[in-house]
Amino acid sequence: MPHDHDHDHDPLEQGAALRVRALEELMIAKGFIEPEALDTVVAYYEQQTGPRNGAKVVAKAWSDPDYRDWLLREGTAAINNLGFSGFQGEEMRVVANSDQVHNLVVCTLCSCYPWPVLGLPPAWYKSMAYRARSVREPRSILTEFGVDLPAETEVQVWDSTAEVRYMVLPQRPAGTEGLDEAALAALVTRDGMIGTALV
Amino acid sequence: MPHDHDHDHDPLEQGAALRVRALEELMIAKGFIEPEALDTVVAYYEQQTGPRNGAKVVAKAWSDPDYRDWLLREGTAAINNLGFSGFQGEEMRVVANSDQVHNLVVCTLCSCYPWPVLGLPPAWYKSMAYRARSVREPRSILTEFGVDLPAETEVQVWDSTAEVRYMVLPQRPAGTEGLDEAALAALVTRDGMIGTALV
Amino acid sequence: MDGIHDMGGMHGFGPIPRDQDYTFRAEWQRRAFAVTEALGGVVPFSADTHRQAMERIPAHEYLTRDYFEKWVIAASQLLLEAGLVSEEELRDGKKRFDAELKDGGEKIVAEGLVEVLRAGMPLMFPDEKREPRFAVGQKVLVLNNHPSGHTRSPRYLRGRIGVIERQVGVMQFADTMAASENPAPQHCYTVAFEGQEVWGQDAEPGTRVLADLWESYLEPA
Amino acid sequence: MDGIHDMGGMHGFGPIPRDQDYTFRAEWQRRAFAVTEALGGVVPFSADTHRQAMERIPAHEYLTRDYFEKWVIAASQLLLEAGLVSEEELRDGKKRFDAELKDGGEKIVAEGLVEVLRAGMPLMFPDEKREPRFAVGQKVLVLNNHPSGHTRSPRYLRGRIGVIERQVGVMQFADTMAASENPAPQHCYTVAFEGQEVWGQDAEPGTRVLADLWESYLEPA
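Residues numbered from 1 in each chain as written. Chains lettered and ligands numbered in written order. Predicted model: local features only at pLDDT ≥ 70, side-chain atom pairs only at ≥ 80, totals over all residues. Heavy atoms only, no water.

We now examine the overall build of chain A. The number of helices and strands found in chain A is ten helices and four strands. In sequence order, chain A lays out its α and β elements as α-α-α-α-α-β-β-α-α-α-β-β-α-α. Overall, chain A is about 55 × 35 × 30 Å in size when its C-alpha atoms are taken along their principal axes. Looking at chain A as a whole, 61% of its 199 residues qualify as buried. Sequence-distant contacts in chain A: of pairs separated by 6 or more residues, those separated by 24 or more amount to 69%. With the model as given, the accessible surface of chain A reaches about 7300 Å², and the carbon-plus-sulfur share is 51%. (Helix = DSSP H or I, 4+ residues; strand = E, 2+ residues; numbered from the N terminus. Buried < 20%, exposed > 50% of the residue type's maximum accessible area, 1.4 Å probe, protein only. Contact = heavy atoms within 4.5 Å. Areas by Shrake-Rupley, 256 points an atom, 1.4 Å probe, with all protein chains shown as cover.)

All told, the structure shown has 55 salt bridges over all chains when counted by the stated rule. Residue Arg25(D) pairs with Glu13(A) through a salt bridge whose shortest N-O separation is 2.6 Å. Of the two residues, Arg25(D) sits in the segment before α1 (27-42) while Glu13(A) sits in helix α1 (residues 11-29), which places them in two different chains. The class for Arg25(D) is partly exposed, based on a relative accessible area of 27%. (Salt bridge = Lys/Arg side-chain N within 4 Å of Asp/Glu carboxyl O.)

Right, let's talk about the nonpolar core for a bit. Counting 257 residues, the largest nonpolar core has Met27(A), Ile33(A), Met27(B), Ile33(B), Leu218(C) and Leu218(D) as the members making the most contacts within it. Leaving out residues up to four positions away in the same chain, Ile33(A) has contacts with Met27(A), Ile28(A), Leu38(A), Val35(D), Ala38(D), Leu39(D), Val42(D), Lys107(D) and Ile108(D). (Core = buried A, V, L, I, M, F, W, Y, C linked by side-chain atoms within 4.5 Å.)

This next bit is on the interface of chain C and chain D. With 29 residues of chain C at the interface, the matching set in chain D holds 29 residues. Summing the contributions of chain C and of chain D, the shared interface buries around 2400 Å²; its carbon and sulfur component is 55%. Broken down residue by residue, the surface that chain C buries against chain D is led by His11(C), His146(C) and Arg155(C), which jointly contribute 26%. Across the contact surface, chain C and chain D share zero salt bridges. At the surface where chain C touches chain D, the tally comes to 14 residue pairs in polar contact (both at pLDDT 80 or more). Of all the secondary structure elements, the ones that give two or more residues to the side of chain C that touches chain D are α3 (59-64) and α8 (195-199) of chain C. Among the elements that line the side of chain C that touches chain D, the one with the most residues is α3(C), at four residues. Class assignment of the residues belonging to the side of chain C that touches chain D gives a composition of ten nonpolar, 14 polar and five charged. (Buried area = accessible area lost by both parts, 1.4 Å probe. Polar contact = N/O pair within 3.5 Å; in protein donor to acceptor, adjacent residues only side chain to side chain. Nonpolar A, V, L, I, M, F, W, Y, C, P; charged D, E, K, R; others polar.)

A word on the sheet that holds strand β3 (residues 186-194) of chain D. Paired through their backbone hydrogen bonds, the strands of a sheet run either parallel or antiparallel. Taken together, seven strands build an open sheet; the order of strands is β2(A)-β3(A)-β4(D)-β3(D)-β2(D)-β1(D)-β5(D) and the sheet is mixed. Both edges of this open sheet fall to β2 (101-106) of chain A together with β5 (218-220) of chain D, since each of them pairs with a single strand only. Neighbouring strand axes in the sheet, compared pairwise and without regard to direction, differ in orientation by 35 degrees on average. Here five bridges tie strand β3 (residues 154-159) of chain A to strand β4 (residues 207-214) of chain D, and the two strands are oriented parallel to one another. Bridging across to β4(D), Gln156(A) finds its partner in Arg208(D). (Pairing = 2+ DSSP bridges. Axes fitted to C-alpha atoms, helices over the stretch in contact; angles between N-to-C directions.)

Tallied over the entire structure, the rule returns five cavities of 30 Å³ or more. In this structure, the largest cavity occupies an estimated 210 Å³ of space. If you trace the largest cavity, you find 16 residues lining it, with Asn144(C), Arg155(C), Arg158(C), Arg155(D) and Arg158(D) closest to the centre. Here the residues of the lining of the largest cavity sort into four nonpolar, six polar and six charged. For the second largest cavity, the calculated volume is near 70 Å³. What lines the second largest cavity is simply Asp2(C), Gly3(C), Ile4(C), Asp6(C), Met10(C), Arg155(C), Asp2(D), Gly3(D), Ile4(D), Asp6(D), Met10(D) and Arg155(D). Taken together, the residues of the lining of the second largest cavity sort by class into four nonpolar, two polar and six charged. (1 Å grid on protein atoms, 1.4 Å probe; cavity = no way out; pocket = protein on both sides within 12 Å on 5 of 7 lines; lining within 4 Å. Points joined across faces, edges and corners; volume = space filled by probe spheres on them.)

A few words on the packing of helix α1 (residues 11-29) of chain B against helix α1 (residues 27-42) of chain C. Their axes nearest at 9 Å, the elements α1(B) and α1(C) cross at an angle of 40 degrees. Between α1(B) and α1(C), the crossing angle belongs to the class labelled oblique. The element α1(B) and its partner α1(C) pack so that their crossing is left-handed. Counting all contacts with α1(B), which are made through Glu13(B), Ala16(B), Ala17(B), Val20(B), Leu23(B), Glu24(B) and Met27(B), the residues of α1(C) involved are Trp28(C), Arg31(C), Ala32(C), Val35(C) and Leu39(C). Broken down by class, the residue content of the contact of α1(B) with α1(C) amounts to nine nonpolar, no polar and three charged. (Parallel < 35°, antiparallel > 145°, perpendicular 65-115°, else oblique. Left-handed = near helix turned anticlockwise from the far one by under 90°.)

Taken by themselves, the reported measurements are silent on function.
Written out as structure tokens, the structure is:
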């Protein structure tokens, strides 16, 4: 029900905002956190992480077969090599979609997500519905997301239960032979790298 | 947290009371329920069911070995024989405590309870804590209820998952040899017949 | 349905609220209980159908609303689904239209009601031609299915092995009762599970759980 | 802990709220995220310890409170437990006493912080002397334990049989990290489970679940 509220007049929402402001002020008053550090954290994740990073990884894999092999074999090293690293991406694995297999990423126990390459997750990824249903009925979820797979395509759901973070390597769309990496990267969507969309 | 509220000024509580009143008025206006019928239902369960019924069953079993055998073998018939029957007691099983075994009754999936012999359940029986914990840590629950069992006594938890309703036959206390059934019945407690107390 | 109601074994609910030792703490709870009991005959619906409607209450409401309010929410939902009332009517209690009760539904009146309450429902369907599949002492595995509909096979026992402790007899089946008021009777068994089988190394020593499970929940182990 | 957080497979949560496609929808959520991230270095606490504190939020609040509010509730609880703040201070944000940071805790400043965020934490503990117990292709059973502490063995996989798909390597262990910030590293494996093994006859056809499970969650099947 909180989703249906007018957030500005939601007492739950106001309580949360007050709670956070009190904590922030207290941490600064105690000298535990420098105020600028919080701005740095927000700016870093909003501006320097996000699906544009992942899209570069995908575009390079589409363009360079050797990189693709490396990426699928040693995800962390291949991603670090493009300059993406950090918390919630220390150990990366990239799983490739094909005509035979479609991959979907979830974290049923909390909301683990590969921050360096995809940024912070969208709220629906953290929803009870996505966490609960994705492992039991991934085909039904894909249908909700508008992805219709042939019955022959197996669906693999990766539940991020330990410290490995997962990213999907979507299939390269047909008719993109002439595109360079930048143009290819522009085709890649966040949901394509979670597995809730095709590209 | 609703447990901590002042119920008279609890908006959740007020909402529930209004909801019930509206439903009751609507059912009467539609001609589906005669108002006196509701009084009859409440009066019946408050006055004609309850642990005093179960206590009579227990006292008879303590006094009459043949009845005890019958009660443990064919709980429904033996209980009906004392005049107790009806909804949530159509199929009864009575399980006897001994030095070797202590029995505890729960319904993890909802709150099934043997109405004819014990009445309607106390609120704690329907609590999330009792439903969740009783099957996993019955000894810990018994300790919370002040029941200390020797480690050698096995604890059996009866989860009322189908239509059988369970009642515990407590051990007859020492030093009660001279008592008649009425005096024995006065010793029997509701919790003794749920299994959360000794008698 | 693997909903929040299936909470056997869950952590995080704290100590037993032993101070809640009352049956009713407010008059509206008495009325809620009585009107729901009466509606079982009006709509009509079985206890299984009513349980299923309770289980469909959103999880956070299931955890916070009063038990008797949930009874009434579930009963109201069944009235709605039967077309006997509108949401508008439920909101303010004012009748907008008359409705005919369906086959099997009846007006609940005080006269003769105590006899009905004392009689209960026939739940057993004795059938000597129907052989029980499992014998007392036999080992059985609880099937690891996860139906979206009502079931009385609790999650904490699925996939676990127990021993048939008693043949209960041929009983109406909760799953089909809730799906369509169809008793589809089958054998039911009391099955005993050792604590360690159910909870592993986190079991309390010297504990057993016994549950009544229908034949179609089980297979030989 | 078999809490509400362990919701893989549960019914009753409705459709995916696809319209919630934002990361932050209010400024306070940005601040909540940043302050919690910073507190991991201040208190200090690991992600596992923070997850455990989230899991201990009462179930109905877990289901209704905003994700970032839960982050802050959990971080505040860890600050309290470390003795660095009082409940009174948390309520109004006004400092009542000065506190010394503990060993390993440090003031979080902007300078050099991006480098820390880019570096992340060392999570793997390569150890060639530690032989993996399980080989790729081997069948394993997920142990059916139900610890009251933090664990990353989800309920829906316990008691189920899968196949080792990959040896991940020697990784810090979530359960001991949450219990005492002790990495106690052990081998971790990606294990593949057929849908039918996990969900029985209610599985969608042609589906598999893969999860990363530490060695002590598993035994040969």
